[in-house]
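Listed below, chain by chain, are the residues.
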Amino acid sequence: MANIYDTANQLEREIRESQQFGDLKASFDRLKENQEAHALFQEFQQLQQGLHEKMMSGEEISEEDAKKAQELAEKVQKEDLINELMQKEQAFSAVVNDLNRIIMGPVHELYN
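Conventions and cut-offs
Residues numbered from 1 in each chain as written. Predicted model: local features only at pLDDT ≥ 70, side-chain atom pairs only at ≥ 80, totals over all residues. Heavy atoms only, no water. Helix = DSSP H or I, 4+ residues; strand = E, 2+ residues; numbered from the N terminus. Buried < 20%, exposed > 50% of the residue type's maximum accessible area, 1.4 Å probe, protein only. Contact = heavy atoms within 4.5 Å. Areas by Shrake-Rupley, 256 points an atom, 1.4 Å probe, with all protein chains shown as cover. Lys, Arg positive; Asp, Glu negative; His and termini not counted. Charge placed at Lys NZ, Arg CZ, Asp CG, Glu CD. Core = buried A, V, L, I, M, F, W, Y, C linked by side-chain atoms within 4.5 Å. Axes fitted to C-alpha atoms, helices over the stretch in contact; angles between N-to-C directions. Parallel < 35°, antiparallel > 145°, perpendicular 65-115°, else oblique. Left-handed = near helix turned anticlockwise from the far one by under 90°. Nonpolar A, V, L, I, M, F, W, Y, C, P; charged D, E, K, R; others polar. Expected span 1.5 Å × (residues − 1). Arc of directions from axis to C-beta. UniProt positions renumbered as here; feature names shortened; annotations may be inferred.

Caption draft 1: Up close: the overall build of the chain. Secondary structure summary: the chain contains 6 helices and 0 strands in total. Reading the chain from its N end, one meets helices and strands in the order α-α-α-α-α-α. Taken over the C-alpha atoms alone, the chain extends approximately 55 × 35 × 20 Å along its principal axes. By residue count, 18% of the 112 residues in the chain fall in the buried class. Considering only contacts in the chain between residues 6 or more positions apart, those separated by 24 or more positions represent 68%. In the form shown here, the chain has an accessible surface area of approximately 9,100 Å², with 51% of it arising from carbon and sulfur atoms. With 12 positive and 23 negative side-chain charges, the chain shows a separation of 3 Å between the mean positions of the two kinds.

Set out below in structure tokens:
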């Protein structure tokens, strides 16, 4: 019988070696080299996390929060290094979604 934890650890190693993860890491490394772009990215991440936490706790997003998010999103869209990172993240997420679909196959089959 296979040890699924050994398999998961092997998958983790293979993910690190994948082209998509390598591209994502290289893109993030380039972003970190640009202090201004990196600071903008961190600010964007913090804002997203804060808004997510508010939503999860049932708190309403204020008009001020929405305006700040819109302004920051416009700045982010103008930054090529962040756009590149987001594209690489989407490609990597597609792989993760495919893996999740495969892994959850037995459960999906069970309920259908």
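The discussion continues.
Caption draft 2: Quick peek at the nonpolar core. Counting 14 residues, the largest nonpolar core has Leu31 and Ile82 as its most contacted members. Secondary-structure elements contributing two or more residues to this core are α2 (19-33), α3 (35-56), α4 (63-77) and α5 (80-103). Looking at which element gives the most residues to this core, the answer is α3, with 6 residues. The contacts of Leu31, once residues within four sequence positions are left out, are Ala37, His38, Phe41, Leu81, Ile82 and Leu85.

Caption draft 3: The arrangement of the packing of α2 against α5 in detail. With their axes 9 Å apart at the nearest point, α2 and α5 run at an angle of 160° to one another. Classified by the angle between their axes, α2 and α5 sit roughly antiparallel to one another. Crossing of α2 over α5 shows left-handed handedness. For the pair formed by α2 and α5, the contact residues are Gln20, Phe21, Asp23, Leu24, Ser27, Phe28, Arg30 and Leu31 on the first element and Leu81, Ile82, Glu84, Leu85, Lys88, Glu89, Ala91, Phe92 and Val95 on the second. Split by residue class, the contact of α2 with α5 holds 10 nonpolar, 2 polar and 5 charged.

Caption draft 4: How the structure looks around α2. Here α2 contains 15 residues, and its C-alpha end-to-end distance of 21 Å stays within 8% of the 21 Å for a straight helix at 1.5 Å per residue. Among all positions in α2, only Leu24, Ser27 and Leu31 are buried. End-on, the buried residues of α2 take up no more than an arc of 65°, which puts them together on one face. In α2, the exposed positions that point more than 90 degrees away from the buried face belong to Gln19 and Glu33.

Caption draft 5: Expanded view of the UniProt feature "coiled-coil region" (unreviewed entry) in the chain. Look at the UniProt record and you will see "coiled-coil region" (unreviewed entry) annotated at residues 59-88. Helix makes up 80% of residues 59-88 and strand 0%. Its end C-alpha atoms lie 32 Å apart.

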